[in-house]
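Residue-level structural notes
Each chain is listed here by its residues.
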Amino acid sequence: QIDLEMLREVVLTSPKLTGDIKVFEGVKNLQVLDLHGTQVTGDILTFRRTQFLRSLSLGNTNVFGDLAALSHPFDLREIDLSFTKVTGTLEGLMGDPDIFN
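First, a word on what this report is: a plain description of the structure on this page.

1. Overview of the overall build of the protein
Along the backbone of the protein there are zero helices and eight strands. Going from N to C terminus, the protein has its helices and strands arranged as β-β-β-β-β-β-β-β. In the protein, which comprises 101 residues, the share counted as buried stands at 37%. At a minimum sequence separation of 6, the contacts of the protein that also span at least 24 residues come to 18%. Accessible surface, the protein: about 6000 Å² in total, of which carbon and sulfur atoms supply 54%.

2. Considerations on the pattern of salt bridges
Counting across every chain of the model gives two salt bridges. With a shortest N-O distance of 3.5 Å, Glu25 and Lys22 are connected by a salt bridge. Of the residues examined, Glu25 reaches a relative accessible area of 27% and is grouped as partly exposed. Across the pair Arg48 and Glu25 runs a salt bridge whose closest N-O atoms are separated by 3.1 Å. You can see Arg48 sitting in the loop between β4 (39–43) and β5 (55–57) and its partner Glu25 sitting in the loop between β2 (18–20) and β3 (32–34), a full 23 residues away along the chain.

3. Observations concerning the environment of Gln31
Mapping Gln31 onto the fold places it in the loop between β2 and β3. Owing to a relative accessible area of 23%, Gln31 belongs among the partly exposed residues under this scheme. Along the primary structure Gln31 and Val10 are separated by 21 residues, whereas in three dimensions their C-alpha atoms are 8.5 Å apart. Those residues in contact with Gln31 that lie beyond four places of it in its chain are Arg8, Phe52, Leu53, Arg54 and Ser55.

4. What about the environment of Leu4?
Among the structural elements, Leu4 can be located in the segment before β1 (9–11). Each C-alpha atom of the pair Leu4 and Lys28 lies 9.3 Å from the other, and the pair is 24 residues apart in sequence. Look past the residues within four positions of Leu4 in its chain and what remains in contact with it is Val23 and Val27.

5. Some remarks on the nonpolar core
The biggest cluster of nonpolar side chains holds 22 residues, and the ones touching the most others in it are Phe24, Leu33, Phe47, Leu58 and Leu70. What Leu58 contacts, discounting residues up to four positions off in sequence, is Leu33, Leu35, His36, Ile44, Phe47, Val63, Asp80, Leu81 and Thr84.

6. Some thoughts on the sheet that holds β5
The sheet built from four strands is open, its strands ordered β1-β3-β5-β7 with parallel pairing. Whereas interior strands pair on both sides, the edge strands pair on one side only; in this sheet they are β1 and β7 (78–80). Within this sheet the neighbouring strands show an average axis-to-axis angle of 10°, counted without direction. For β5 and β7, the ladder comprises three bridges, and the chain directions are parallel. In the sheet register, Ser57 faces β7, and the bridge partner there is Asp80.

Thresholds, definitions, all that
- Residues numbered from 1 in each chain as written.
- Predicted model: local features only at pLDDT ≥ 70, side-chain atom pairs only at ≥ 80, totals over all residues.
- Heavy atoms only, no water.
- Helix = DSSP H or I, 4+ residues; strand = E, 2+ residues; numbered from the N terminus.
- Buried < 20%, exposed > 50% of the residue type's maximum accessible area, 1.4 Å probe, protein only.
- Contact = heavy atoms within 4.5 Å.
- Areas by Shrake-Rupley, 256 points an atom, 1.4 Å probe, with all protein chains shown as cover.
- Salt bridge = Lys/Arg side-chain N within 4 Å of Asp/Glu carboxyl O.
- Core = buried A, V, L, I, M, F, W, Y, C linked by side-chain atoms within 4.5 Å.
- Pairing = 2+ DSSP bridges.
- Axes fitted to C-alpha atoms, helices over the stretch in contact; angles between N-to-C directions.

If you want it as structure tokens, here you go:
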């Protein structure tokens, strides 16, 4: 079994991959998560306690939630939520103006 607490980077992009992103809840040291093109599901609110997340790629998955879940202060630099069920406004992300640079 993998000690999720120690994970810093996860790249799993198989279209056959399924599961709930909730398994990453509380993985505080996670910096890169790339699950694009998979069949994963879950609420992006899962990442509300992930302090060091820099890159989040969940495009073409079944994730959902409100963009405001990603507005708390952390070092997020890249977001791909294309073709997901995530809703909200871009203004919800403006807590970190560098995210658009």
